[in-house]
Amino acid sequence: MAINIFLFVWFYLFYDLGEQFYYTRHLLGSALAWARAPAAVLNFNCLLILLPVCRNLLSLLRGSFMCCGRTMRKQLDKNLSFHKLVAYMIGLMTAVHMIAHLLNVEWYNNSRRGVYDGLSTALSNLEDVGNTTYLNPIRSIDTDAQQTPTYFAFTTIAGLTGVIITLALILIITSSMEVIRRSYFEVFWYTHHLFIIFFAGLVFHGAGRIVRSQQTTDPPHNVTFCKDRFNDWGRIPECPIPQFAGGFPQTWMWVIGPMFLYLCERLLRFIRYMQRVNYRKIIIRPSKVLELQLVKNGFRMEVGQYVFLNCPAISQLEWHPFTMTSAPEEDFFSVHIRSVGDWTEKLISMVEELPEGAQGPKMGVDGPFGTASEDVFDYEVSMLVGAGIGVTPFASILKSIWYKFKDSNPKLRTRKIYFYWLCRETHAFEWFADLLQVLEKEMEERGMDDFLTYKLFLTGWDDNLAKHVTVRFDEDTDVVTGLKQKINFGRPNWDKEFEQVRRENPTSVVGTFLCGPAALAKVLEKKCVKFSDVDPRKTKFYFNKENF
């Protein structure tokens, strides 16, 4: 934000006070500075907008910062939030830039037609010799006065590319709204690729050079002396005819680097897409959850990471992110896919129609990519909160913990894990209960019952289930999951849960990890602040959220 403010103020003053723009300001007034200052901010933000979605670059940087503070890595995990903020700035500056230039074109048109004072008319009537002397880019008044701005917008490089850029940006921003992105992901996905047209138009936009500045002549044209003697321009030595030229296009210099990095990103995705992926096992879990166990040569992962999947039989262009539920110690990687849209529904339908033992449809895999959950073993104590299918990154973590205990891994720093899982229906618990049962048994055999504390919360139920649970309440295991830990009905009391963690770990740094909705993220982030002690020797909570 500070850089944006600096660029805006610097270029506003440059165009508002610069002597070389005195005559240009006479035609356009303050709209000149109001057009050019946002353009400078746009260049900077268009440099930034692609970087947060260069996921391989972010994973590389994240790995490079493993030796540094967790604050830097947390900032990298907010890549999509940063991407959105930059997009908002681009939208705002585009609106200001566009409105200012609409006014500029109108004032150029009026000056060309002699509506204003004599100096404005004289500047607008300068001859076009070698395309270097004129100031007013509207060179003809043959068209109707009211039609000239429209004609200018669709017949000049700056005008036409400006229209294309604006339309592309409007479509990109509107299709990125939460309601469209969640309900019509394909619309969001395909419309977002208009960024190619946006950047192409951006590179050529400045080539129109409609904002022109006064050039140095020999003898020099003294603005202070000559501005009131425009009838003597070219007739007396002190006032040669002023020369003007458009500035050299600079936008391409701002965006060429990020465009190259993004091109490398897509090239790497294509190479990974061409690599063969085999199916080790395909399992249809309850609640329409599909588990794919995949094998790919040279594939290496860490806990909590995610991949992008592409199924050409459904769409050649669509890539969807899925957190891996397998552990790094396993010889395959797995994902759990819930039916929540056209793409996932089609994939599950295709798999259900496969004959037993058959390989699934061709699958392209891009990744793996790092997330906040990678840091879970950097904390002495970790709170893992999953909502619905959002439990997937924690499946990977808990599996890895099981393997580490099994192999007596001395590098395991974590000494306590609190796991919370919120679900709306009982079927969602079934596919994950097996893993928790294995962990329960493993911890009990090793005398480490206190290592893992988990609580399952059912947020939706009917009267029949409630009665069934009440009747069998005295049984040793839960009637739904078969686990020793009984299901809790309703939502967690987070004040109570955080207070318990703080009481049991009075001097620990606690990492709180969430894979779930934004509303829950806001609640947990506030609780982390509320229950962190100001004394650095006491309990401190750090909030981390998965972002795809």
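For every chain, the first residue of the written sequence is number 1, and numbering continues from 1 along that sequence. The predicted nature of this model means local features are confined to residues of pLDDT at least 70 and side-chain atom pairs, given and counted, to a pLDDT of 80 or more, with totals for whole chains, interfaces and linings taken over all residues. No hydrogens and no water enter the side-chain calculation; it runs on all heavy atoms of the structure.

A. Region of the structure containing the overall build of the chain. Going along the chain from the N terminus, every DSSP run of H or I of four or more residues is numbered as a helix, and every run of E of two or more is numbered as a strand. Secondary structure assignment for the chain yields 20 helices and 14 strands. Looking at the chain residue by residue over its 548 residues, the buried ones come to 48%. In what follows, residue pairs with any heavy atoms lying within 4.5 Å of each other are defined as contacts. Taking contacts inside the chain between residues at least 6 apart in sequence as the whole, the part at least 24 apart equals 74%. In the form shown here, the chain has an accessible surface area of approximately 27600 Å², with 59% of it arising from carbon and sulfur atoms. Buried means the residue's accessible area, taken with a 1.4 Å probe over protein chains only, is under 20% of the maximum for its type, while exposed means over 50%, and partly exposed covers the values in between. Accessibility throughout is a Shrake-Rupley quantity obtained with a 1.4 Å probe, and a residue counts as covered only by protein chains that appear here.

B. Region of the structure containing the sheet that holds strand 3 (residues 278–285). A sheet is described by the order of its strands in space; here 3 strands give the open sequence 3-4-7, paired in antiparallel fashion. Each edge of the open sheet carries a strand with a single partner, namely strand 3 and strand 7 (333–338). This sheet shows a mean twist of 20° between the axes of neighbouring strands, independent of strand direction. Contacts between helix 15 (residues 342–352) and the sheet are confined to strand 3, strand 4 (289–295) and strand 7, with strand 7 contributing the most and set at about 115° to the helix. Note on pairing: two strands pair once DSSP finds at least 2 bridges between them. To obtain each axis, a line is fitted to C-alpha atoms, and for helices this fit is confined to the stretch in contact; angles are then taken between N-to-C directions over 0 to 180 degrees.

C. Focus on the state of the cysteines. In this description, the term disulfide denotes a pair of cysteine sulfurs within 2.5 Å. Applying the stated criterion across every chain yields a total of 1 disulfide. Residue C226 pairs covalently with C239 via a disulfide, S to S 2.1 Å. Its torsion about the S-S bond being -95°, the disulfide of C226 and C239 is classed as left-handed. One end of the pair, C226, is in helix 13 (residues 223–226); the other, C239, is in the loop between helix 13 and strand 2 (243–246), with 13 residues separating them in the sequence. C239 sits in the buried class, given a relative accessible area of 0%.

D. Quick peek at the nonpolar core. Residues enter a nonpolar core if they are buried and are Ala, Val, Leu, Ile, Met, Phe, Trp, Tyr or Cys, with the set joined through side-chain atoms within 4.5 Å. By size, the foremost hydrophobic cluster in this structure holds 50 residues, and its most contacted members are Y23, I90, L123, F198, F199 and W233. What F199 contacts, discounting residues up to four positions off in sequence, is C46, I49, L50, V255 and M259.

E. Region of the structure containing the packing of helix 12 (residues 195–205) against helix 14 (residues 251–274). Where helix 12 meets helix 14, the axes come as close as 10 Å, and the angle between the chain directions of the two elements is 150°. When the axis of helix 12 is compared with that of helix 14, the two are roughly antiparallel. Crossing angle aside, the handedness with which helix 12 passes helix 14 is left-handed. Across from F195, F199, L202 and V203 in helix 12, the residues of helix 14 making contact are T251, W252, V255, M259 and Y262. Amino acids outside the nonpolar list (Ala, Val, Leu, Ile, Met, Phe, Trp, Tyr, Cys, Pro) and the charged list (Asp, Glu, Lys, Arg) are all regarded as polar, and Gly is one of them. Of the residues in the contact of helix 12 with helix 14, the class split is 8 nonpolar, 1 polar and no charged. Orientation labels follow simple angle bins: below 35 degrees gives roughly parallel, above 145 gives roughly antiparallel, 65 to 115 gives roughly perpendicular, and whatever is left gives oblique. Crossing handedness: left-handed means the near helix sits turned counterclockwise from the far one by under a right angle, and right-handed means the same turn made clockwise.

F. Structural view of the pattern of salt bridges. Whenever a carboxyl oxygen of Asp or Glu lies within 4 Å of a side-chain nitrogen of Lys or Arg, that contact is scored as a salt bridge. The final tally for this structure, using the stated rule, is 9 salt bridges. The salt bridge involving D366 is made with R269; its shortest N-O contact spans 2.8 Å. Placement of D366 in strand 8 (residues 364–369) and of R269 in helix 14 is noted, with a sequence separation of 97 residues between them. Residue classification places D366 among the buried positions, given a relative accessible area of 2%. Accessibility expressed as a relative area gives 10% for R269, which makes it buried. Salt-bridge contacts for E497 lead to K455; the nearest nitrogen and oxygen are separated by 3.0 Å. Within this pair, whereas E497 is found in helix 19 (residues 494–504), its partner K455 is found in strand 11 (residues 452–458), the two being separated by 42 residues in sequence. Overall, the relative accessible area of 5% leaves E497 in the buried class.

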